[in-house]
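Here is what each chain is made of, one letter per residue.
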Amino acid sequence: MTLEPNVSSTLAAISLSFLAFIVAPGCTATASVTGHGAPALLARPLDEATEQFVSSILSNMTLEEKIAQMIQGDIASVQPEDLATYKLGSILAGGGAAPGGNVRSKPQAWLDLTDRFYRASLAAPAKGHPPIPVVFGIDAVHGDAKLIGATVFPHNVGLGAAHDAGLMREIGKATAEEVSAAGIDWTFAPTVAVARDVRWGRSYESYSESPELVAEYAPAMVEGLQGMLGGKDFMTPGHTLSSVKHFLGDGGTHDGRDQGDTRVSESELLSVHGAGYVSALKAGALIVMASYNSWNGVKMHANHHLLTDVLKGRLGFEGFVVGDWNAHEQVPGCSKEDCPAAILAGLDMLMAPDSWKKLYENTLAAAHSGAIPAARIDDAVRRILRVKAIAGMFQRPPPKERRNVGDFSVLGSGAHRALARRAVRESLVLMKNSGHTLPLDTHAHLLVCGGLADDIGAQAGGWTIDWQGDHNHNEDFPGGTSIYAGIKAALAAGGSAELSRDGSYKVKPDAAVVVFGERPYAEFEGDLETLEYSPGDKRDLALFKKLRAAKIPTVAVFLSGRPRWVNPELNAADAFVAAWLPGSEGEGVADVLFGSAAGKPVDFTGRLSFSWPATAMPVLFAADGSVKNALYPRDFGLSYRDPGAPFVKLSEDPGVPKQWEVSASSLFARSHPIAPWSLFLADGADQVHLTLEDQASPHGIVTAGMDEAGRQFAWNGASAGSVRLSGRASDLTAAAARGESIEVRYRVTQIPDRTVLLKLLCTEGKCGTALDVAASLREPGEWRTLSVPLSCFAVPGSDLREVEVPFALETDGHLRLTIADIDLEPAREHAYRSCPPAID
């Protein structure tokens, strides 16, 4: 459904006023960000009783207590007992964290843990003020998907195609009910990113490329999660705090690089990427999460103008700003254990999952020294206390004593699954239906094939059970339904379904349904170089062609977290459905494929919320609002009632410009890692994601810059530091046996004065020996190629099955060089006739 005209007009007016006010020449920050001084666009009158209560607590808090409130630790590194000494403001369970380290823990284990943390925060209160309860947060971005048995809703990319804000409100409410059943008070949602280059690996967390649709959805989800701020249902049992994220411009980074640089004007940044914040804050969002990305070279975690002058000052935001997972460590001059700059910029609570204790100590020292003024600390703590007070946290008993908490029947309840099934139906987009292949006949004999046909984990995507969501199986979703199971259940008497991964069959079917698409991924591991679906592996396309050759009508059901260039598959299938990442309720797909559910007719109603690319390169957005390189425009979608024009065969030329062509063996080229690989700088036990043109390792041992031909790295010799190319773990055992090698094209500008180690690093266990390649780096000024067979690393006792870092260069001496390319190359004559010296 769409907004009523008066609501749409109001949102448009707010957005225009917001933009004009924020970018007006001569505007300065208000003297106070607590509702006094110059008027702010969305400021609300502060409740006097609440402010007095907060002031009374704040005035009696020690500096140690204040600093602790500004830090959020992760359950993997903090125990409830720690809160007796460190009165942390918040605890989170991050992407891979769970009670006892078991991501498949039972719901009761979650409740036991949240209850222990809450009780610990209330124990041993300081004199002069009541105990300050901890607030527990979790990433429930498409339902409470970290808990086994919970309802997993479609990801945002699919929900955007539903064009139904009312549905968002219902999903928010259902999610909050399931989250709060385990005693959790804070949901890190909604994501209000406006993804513009869907090569970005987090595109599925974005509702749309349209700021208007994002602005429509954001308040609905906030109100669904929290209830109506100021209303009788606000934060009542079954609700959680929301937090809009990631402020600001996360969906607009250059070339779609996760955590990269958003290079746009301030007016575009605010009118496009800020749209969801205006409506979400107006709806009562009390927490904003800052983004990893930069804006024109300045990290958001260090951007005083946007966090303080704009968000808190001119916009009038009175809640608190929380950081993202150790994101403050990417601020120049910071490490994950020490970052006054982020607090000075406007961060009120720093997410320090594994570094909370050292961060507390260093922040306390900075407060004592005056490096962080007392007024900034008091403002941050006041905001945190204000949110806790408004949310009723001071009146809430421990989780196990709350009404409805511990009632796990709400997890995956019939009502919630029915809602998710409806969301799946509304999100499906019909893109082709030649020869009226759809709807399918419930009495037919169907072949259901493809690698994802019976895979609920693939349907659910990333941020499911764990961070990347790539190790899940059907048994992890009790009560859930795969697409194959949904089709099988929908068949009437006389109908049948045969499951076949490769398309083979015993009896020739009346029609085939091929379920194929992306495997699960999450941030930065999901980034792409181009939008071509499955380059280098055309087994899915071969399956379509095989079925067509057998004259079997074929329906393609494409699972993906974004539009992909699939012209060959569109040509080969008779019908094509963009199913996105539908979650745990695969029956919703079957409902629409058969055109009926519970005896009632069902039609396709989903419409694209993202333009579908005409080539393997992303669509482009012109200054006048038009979109170029789109095969199907936003809002496109066929239906049984409206079949559209006859399908015309599409070009199968991916149209990738030469400068974007990379071989399947390439790991690093054109001055950046080839997606989905990422570069990290490391020293000691710490590392930082390299996302800026100029950046240093956490303790400054290695610095990175840009050279005219590649990335320049310099080691200062103070201690050991390394450059690491990291990504999803790969099995390199067979590659080593085939004689493949790591090849590095480089130029030395300062020769090494110590050993230089080339390493592979594995997820667990011994990955192999380190090799000393210093002898190859003795000739400065010329471009050279270092070629090392993988077999050189494979010493007895090593295991190359889980290699997550296929390239790490480390030294504790001085070295300066530029790297142009890193490749995993087939066997050929190597520069080394024997392996470099091994270093244990």
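See the structure above.
## Side note on the overall build of the chain
When you go through the chain residue by residue, the secondary structure sums to 20 helices and 38 strands. Relative to its length of 840 residues, the chain is compact, with a C-alpha radius of gyration of 27 Å against a globular reference of 28 Å. Taken along its principal axes, the extent of the C-alpha atoms in the chain is 80 × 70 × 55 Å. The buried share of the chain, reckoned over its 840 residues, is 62%. Looking at the chain alone, contacts between residues at least 24 apart form 78% of all its contacts between residues at least 6 apart. Element-wise, carbon and sulfur atoms account for 53% of the exposed surface of the chain, whose accessible area totals about 30100 Å². Across the chain, the mean location of the 75 positive side-chain charges is 2 Å away from that of the 99 negative side-chain charges.

## Focus: the state of the cysteines
Under the criterion given, the structure shown has 3 disulfides. Here Cys334 engages in a disulfide with Cys339; their sulfurs sit 2.2 Å apart. Around the S-S axis, the bridge from Cys334 to Cys339 shows a dihedral of about 70° and counts as right-handed. Given the relative accessible area of 9%, Cys334 is considered buried. Residue classification places Cys339 among the buried residues on the basis of a relative accessible area of 0%. Note on cysteine connectivity: Cys762 is disulfide-linked to Cys767, with sulfurs 2.0 Å apart. As the torsion about the S-S bond is roughly 60°, the Cys762-Cys767 disulfide counts as right-handed.

## A few points about empty space enclosed by the protein
In this approach a probe as big as a water molecule rolls over the atoms, and the regions it shows empty are the leftover space. Under the definition given, this model contains 8 cavities of 30 Å³ or more. Of the voids in this model, the largest cavity is the one considered here, and its volume is about 100 Å³. The wall of the largest cavity is formed by 16 residues, among which Ala140, Val141, His142, Asn156 and Met221 lie closest to the centre. Those elements that provide at least two residues to the lining of the largest cavity are helix H5 (156-162), helix H6 (165-180) and helix H7 (211-226). Broken down by class, the residue content of the lining of the largest cavity amounts to 11 nonpolar, 5 polar and no charged.

## Some words on the packing of aromatic side chains
This model, assessed by the stated rule, comprises 21 aromatic pairs. Put simply, the rings of Phe516, Tyr533, Phe544, Phe558, Phe576, Trp580 and Trp612 touch in pairs and so form one group of aromatic residues. Across from the ring centre of Phe621, 4.0 Å away, lies the NZ or CZ of Arg196, which sits over that ring. Above the ring of Trp783, the side-chain terminus of Arg745 is found at 4.7 Å from the ring centroid.

## Considering the sheet that holds strand E5 (residues 244-247)
The sheet built from 3 strands is open, its strands ordered E5-E7-E10 with parallel pairing. Bordering the open sheet on either side are E5 and strand E10 (320-322), each of which pairs with just one other strand. Averaged over all pairs of adjacent strands, the angle between their axes in this sheet comes to 35°, without regard to strand direction. Bridge count between E5 and strand E7 (residues 287-290): 3 bridges; the pairing is parallel. In the strand pairing of E7, Lys245 is matched with Met289.

## Description of helix H9 (residues 275-282)
Counting buried positions along H9 yields 7 of 8 residues, so the element is predominantly enclosed. Along H9, the residues that are buried comprise Ala275, Gly276, Tyr277, Val278, Ser279, Ala280 and Leu281. Once H9 ends, the next one or two residues include Gly284, with phi positive near 110°.

## Quick look at the layout of surface pockets
There is about 1800 Å³ of room inside the largest pocket. Lining the largest pocket are 50 residues, and of these Leu528, Ser534, Pro535, Asp537 and Arg564 lie nearest its centre. The residue makeup of the lining of the largest pocket, split by class, is 24 nonpolar, 11 polar and 15 charged.

## Brief notes about the pattern of salt bridges
Under the defined criterion, the tally for this structure stands at 53 salt bridges. Put simply, Lys312 and Asp348 hold a salt bridge, and the shortest N to O gap is 2.8 Å. One end of the pair, Lys312, is in helix H10 (residues 304-314); the other, Asp348, is in the loop between helix H11 (340-345) and strand E11 (350-351), with 36 residues separating them in the sequence. Residue class for Lys312 comes out buried when judged on its relative accessible area of 2%. Asp348 gets classed as buried once you look at its relative accessible area, which sits at 0%. A salt bridge links Asp635 to Arg607; its shortest N-O distance comes to 4.0 Å. In this pair, Asp635 sits in the loop between strand E23 (630-632) and strand E24 (666-669) while Arg607 sits in the loop between strand E19 (600-601) and strand E20 (612-613), placing the two residues 28 residues apart along the sequence.

## Looking at the side chain of Thr191
Structurally, the position occupied by Thr191 is in the loop between strand E4 (186-187) and H7. Classification of Thr191 as buried rests on a relative accessible area of 3%.

## Considerations on the packing of H6 against helix H14 (residues 414-427)
Contact geometry of H6 with H14 gives a least axis separation of 11 Å together with a crossing angle of 145°. Crossing angle aside, the handedness with which H6 passes H14 is left-handed. Between H6 and H14, the residues in contact are Leu167, Glu170, Ile171, Ala174, Glu177 and Glu178 and His416, Leu419, Arg422, Ala423 and Glu426, respectively. Of the residues contributing to the contact of H6 with H14, the split by class is 5 nonpolar, 1 polar and 5 charged.

## What to know about the sheet that holds strand E15 (residues 511-517)
Sheet strands pair by backbone hydrogen bonding; their relative direction is either parallel or antiparallel. Taken in spatial order, the 6 strands line up as E12-E17-E16-E15-E13-E14 in an open sheet, and their pairing is mixed. Single-partner strands in this sheet number two, and they are strand E12 (429-433) and strand E14 (496-500). Each neighbouring strand pair of the sheet contributes to a mean axis angle of 20°, computed without reference to strand direction. In this structure, strand E13 (residues 445-449) lies alongside E15, joined through 4 bridges in parallel fashion.

## Looking at the pairing of strand E36 (residues 803-811)
Within E36, 8 of the 9 residues are buried, leaving the element largely enclosed by the surrounding structure. Direction of pairing for strand E31 (residues 721-726) relative to E36: antiparallel, over a ladder of 5 bridges. Bridge pairing in E36 places Leu725 opposite Phe807. Relative to E36, strand E33 (residues 756-762) is paired through 6 bridges, and the arrangement is antiparallel. When the bridges of E36 are listed, Cys762 appears paired with Val803.

## Here's the deal with unusual backbone geometry
Peptide bonds are, in most cases, trans, and in most cases residues other than glycine have a negative phi. Backbone torsion omega between Lys245 and His246 reads -5°, so that peptide bond is classified as cis. Residues Leu438 and Pro439 are joined by a peptide bond in cis, for which omega reads 0°. As for its placement among the helices and strands, Pro439 is situated in the loop between E12 and E13. A positive phi angle is found at Asn326, which is not glycine, with a value near 50°. One can find Asn326 in the loop between E10 and H11. Classification of Asn326 by relative accessible area gives buried; the value is 4%. Positive phi, normally seen in glycine, also occurs at Asn404, with a value near 75°. The residue Asn404 is located in the loop between helix H13 (374-390) and H14 in this model.

Procedures and definitions
- Going along each chain's sequence as written, the residues are numbered from 1 onward.
- Local features in a predicted model are, by the rule used here, given only for residues with pLDDT of at least 70; side-chain atom pairs are given and counted only at 80 or more, and totals for whole chains, interfaces and linings are based on all residues.
- Just so you know, side-chain values use all the structure's heavy atoms and leave hydrogens and water out.
- By the criteria applied, helices consist of DSSP H or I runs no shorter than four residues and strands consist of E runs no shorter than two, each listed in order from the N terminus.
- For the radius of gyration, the atoms used are the C-alpha atoms, and the globule rule reads 2.2 Å times the number of residues raised to 0.38.
- Each residue's exposure class comes from its accessible area (1.4 Å probe, protein chains only) as a fraction of the maximum for that residue type: buried when under 20%, exposed when over 50%, partly exposed otherwise.
- It only takes one pair of heavy atoms within 4.5 Å for two residues to be counted as in contact.
- Computed with the Shrake-Rupley method and a 1.4 Å probe, the accessible areas treat only the protein chains shown as cover for residues.
- The sign given to each residue is positive for Lys and Arg and negative for Asp and Glu; His and the chain ends receive no count.
- All charge positions are set by atom: Lys at NZ, Arg at CZ, Asp at CG, Glu at CD.
- When the sulfur atoms of two cysteines come within 2.5 Å, that pair is taken as a disulfide.
- Using a grid of 1 Å spacing that covers the protein atoms alone, one calls a set of points a cavity when a 1.4 Å probe fits there but cannot get out, and a pocket when the set is open and has protein on both sides within 12 Å along at least five of seven lines; lining residues are those with an atom within 4 Å of a point.
- Grid points are joined across faces, edges and corners, and a volume is the space filled by probe spheres set on the points.
- Residues are grouped as follows: nonpolar covers Ala, Val, Leu, Ile, Met, Phe, Trp, Tyr, Cys and Pro; charged covers Asp, Glu, Lys and Arg; every other residue, Gly included, is treated as polar.
- Between rings of Phe, Tyr and Trp, where Trp is taken as its six-membered ring, a pair exists when centres lie within 6.5 Å; planes separated by under 30 degrees are stacked, by over 60 edge-to-face, and by other angles tilted.
- We call a charge positioned over a ring when the NZ of a Lys or the CZ of an Arg lies within 6 Å of the ring centre and within 35 degrees of the ring normal.
- Pairing between strands is defined by DSSP: at least two bridges between the two strands are required.
- Each axis is a line fitted through C-alpha atoms, and for a helix only the stretch in contact is used; angles between axes span 0 to 180 degrees, taken between their N-to-C directions.
- Each reported salt bridge corresponds to a side-chain nitrogen of Lys or Arg within 4 Å of a carboxyl oxygen of Asp or Glu.
- In this scheme the crossing of two helices becomes right-handed for a clockwise turn of the near helix relative to the far one and left-handed for an anticlockwise turn of less than a right angle.

Take it as geometry only, folks, not as evidence of what the structure does.
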